[in-house]
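# A look at the structure
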Amino acid sequence: MSSRVPPPPPAGRPTMRDVAERAGVGLGTVSRVVNGSGAVREETATRVLAAIEAIGFQRNEIARSLRPGQHSHTFGLLLGDLTNPFYASLAKAAVEVAGREGYAVLLSTADEDPQVERRAIGNLIGRRVAGLIIVPDQGDHSYLEHLNAHDRVPLVFVDRPATGTDADVVLFDNEGGARRATQHLIEQGHRRIAILVAPSYYTTGRRLRGYRRALREAGIPVDERLVVTLNRGSAEDAASATRELLTAAEPPTAVFATTSFLTEGVLRATQQLRERVGLVGFDDFRFADLMPTPVTVVAADTEELGRHAARLLLDRIHGESGPPRRTVLPVHLIVRGSGENRQGRGTARR
């Protein structure tokens, strides 16, 4: 019994007819699967979805009203968790730049889920957006070479580079900022400096490199017991890790927290334990300067990150060519006093 050989992928933009031909079903069946309407046998639906994946078909909501090859006056913005002030600030700035140029922005989120991200990007491309700004997850993005092969929508990655594809990227100087934070603690006399690292995304990985570099340059061996990589980047996990560090036989005298959520966790733990330790956080946060001991932070201009990414994307949309560009924005240390804390256990006052 010979198996059916599917036809090769279409040369142009795939259509539902191409999906039907590849899956060996009728056009109406494909329509029901794509639109989620009507009953389709599970086996048949699986075959249709496999065909959609194989040829890169995108449901196209807006393209029906556009001429062939024309894109909408809209670009897409794909971010992480919007409850994180970092992403909200980035989005606000990008939307403002787009609006001044007469562009609307379609906002989508993936929250570090590779499958959700892939579907979201496919949906945005299917809507004929003129370009995409993406905060990528940490997976492989080589699939974009196929997904975006027909439309060639300009892409700009922000906050992290993507692996497996080349495009413009805008980053902060994460390694340099972490190096400066650790140097500051060393300058205050600290030698046992712990670091709390959020799950190993690009940004916190580079911040760990900066920490190690500063210790190495100061001739201080890295005590791996003081390098704590958390399962989640939550304040609760950071508080738990800080309590363990500060109640150990050889506690650190200072902590470098690699995100604002982790800084919050350190503050909670030290308050509960009534201890004062040196502290520097990466990313400023509201009320950091109003704490009983104002918190020293490495500050980054998140709005400038969004503005720069949007301007870069608009340049590409308007026809600017050339190789992918990598832009690294500076960060700076705001010294407020928490890095100088050196009192030991039980000395914090009410």
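Residues numbered from 1 in each chain as written. Predicted model: local features only at pLDDT ≥ 70, side-chain atom pairs only at ≥ 80, totals over all residues. Heavy atoms only, no water.

Okay, the overall build of the protein next. Looking only at helices and strands, the protein features 11 helices and 12 strands. By residue count, 48% of the 350 residues in the protein fall in the buried class. In the protein, 70% of the contacts between residues at least 6 apart in sequence involve partners at least 24 apart. For the protein, the computed accessible surface area is about 17200 Å², with 50% contributed by carbon and sulfur atoms. (Helix = DSSP H or I, 4+ residues; strand = E, 2+ residues; numbered from the N terminus. Buried < 20%, exposed > 50% of the residue type's maximum accessible area, 1.4 Å probe, protein only. Contact = heavy atoms within 4.5 Å. Areas by Shrake-Rupley, 256 points an atom, 1.4 Å probe, with all protein chains shown as cover.)

Attention now goes to the nonpolar core. Looking at soluble globular proteins, one finds that nonpolar side chains tend to be buried together. Membership of the largest hydrophobic core comes to 64 residues, with the highest contact counts inside it found for Phe75, Ile133, Leu196, Tyr211, Phe256 and Leu305. The element that contributes the greatest number of residues to this core is helix α4 (residues 85-100), accounting for seven residues. Not counting the four nearest positions on each side in its chain, isoleucine 133 is found in contact with Phe75, Gly76, Leu77, Leu78, Val156, Val158, Ala309, Ala310 and Leu313. Counting 20 residues, the second-largest nonpolar core is a separate cluster that includes Tyr143, Val153, Phe157 and Tyr202. (Core = buried A, V, L, I, M, F, W, Y, C linked by side-chain atoms within 4.5 Å.)

What follows concerns the pairing of strand β5 (residues 168-172). On a regular strand, one side chain projects to one face of the sheet and the next to the other, so that they alternate. Across the five residues that make up β5, a large majority, five, are buried. The two faces of β5 match: Asp168, Val170 and Phe172 on one face and Val169 and Leu171 on the other face are all buried. Pairing of strand β4 (residues 155-158) with β5, which is carried by three bridges, proceeds in the parallel orientation. By the bridge assignment, valine 158 is partnered in β5 with valine 170. The sheet contact formed by β5 and strand β11 (residues 326-329) spans four bridges and is parallel. Residue pairing for β11: valine 169 is matched across the bridge by arginine 326. (Pairing = 2+ DSSP bridges.)

Before going further, it helps to examine the packing of helix α9 (residues 235-246) against helix α10 (residues 260-273). It is at 7 Å that the axes of α9 and α10 come closest, and there the two elements cross at 45°. Relative to α10, the element α9 is oriented oblique. For the crossing formed where α9 meets α10, the hand is right-handed. Counting all contacts with α9, which are made through Ala235, Glu236, Ala238, Ala239, Thr242, Arg243 and Leu246, the residues of α10 involved are Phe261, Leu262, Glu264, Gly265, Val266, Arg268, Ala269, Thr270, Gln272 and Leu273. When grouped by side-chain class, the residues that make up the contact of α9 with α10 number nine nonpolar, four polar and four charged. (Axes fitted to C-alpha atoms, helices over the stretch in contact; angles between N-to-C directions. Parallel < 35°, antiparallel > 145°, perpendicular 65-115°, else oblique. Left-handed = near helix turned anticlockwise from the far one by under 90°. Nonpolar A, V, L, I, M, F, W, Y, C, P; charged D, E, K, R; others polar.)

Once that is clear, we can look at the packing of aromatic side chains. Throughout the structure, instances matching the rule amount to two aromatic pairs. For the ring pair phenylalanine 75 and tyrosine 103, a centre distance of 6.3 Å and an interplane angle of 35° mean the geometry is tilted. Here phenylalanine 75 is found in strand β1 (residues 74-79), whereas its partner tyrosine 103 is found in the loop between α4 and β2 (104-109), with 28 residues between them in sequence. Of the residues examined, phenylalanine 75 reaches a relative accessible area of 0% and is grouped as buried. Here phenylalanine 86 and tyrosine 87 contribute two aromatic rings whose centre-to-centre distance is 5.3 Å and whose plane-to-plane angle is 85°, an arrangement assigned as edge-to-face. Classification of phenylalanine 86 as buried rests on a relative accessible area of 15%. (Phe/Tyr/Trp six-rings, centres within 6.5 Å; stacked < 30°, edge-to-face > 60°.)

Mapped onto the elements of the fold, alanine 149 is located in the loop between α6 (143-147) and β4. Classification of alanine 149 by relative accessible area gives partly exposed; the value is 42%. Separated by 93 residues in the primary sequence, alanine 149 and glycine 56 have C-alpha atoms spaced 9.1 Å apart.

Before going further, it helps to examine unusual backbone geometry. Positive phi outside glycine occurs at aspartate 283, with the angle close to 90°. By the element assignment, aspartate 283 lies in the loop between β9 (278-282) and β10 (296-299). A positive phi angle, near 70°, is found at phenylalanine 287, a position not held by glycine. In this structure, phenylalanine 287 sits in the loop between β9 and β10. Overall, phenylalanine 287 belongs to the partly exposed group, its relative accessible area being 49%.

What follows concerns α4. With 16 residues, α4 should reach 22 Å at 1.5 Å per residue; the first-to-last C-alpha distance of 23 Å fits that figure. Buried residues belonging to α4 abut β1, β2, β4, β5 and α11 (302-317). Positive phi appears at glycine 102, one or two residues downstream of α4, with a value of about 80°. (Expected span 1.5 Å × (residues − 1).)

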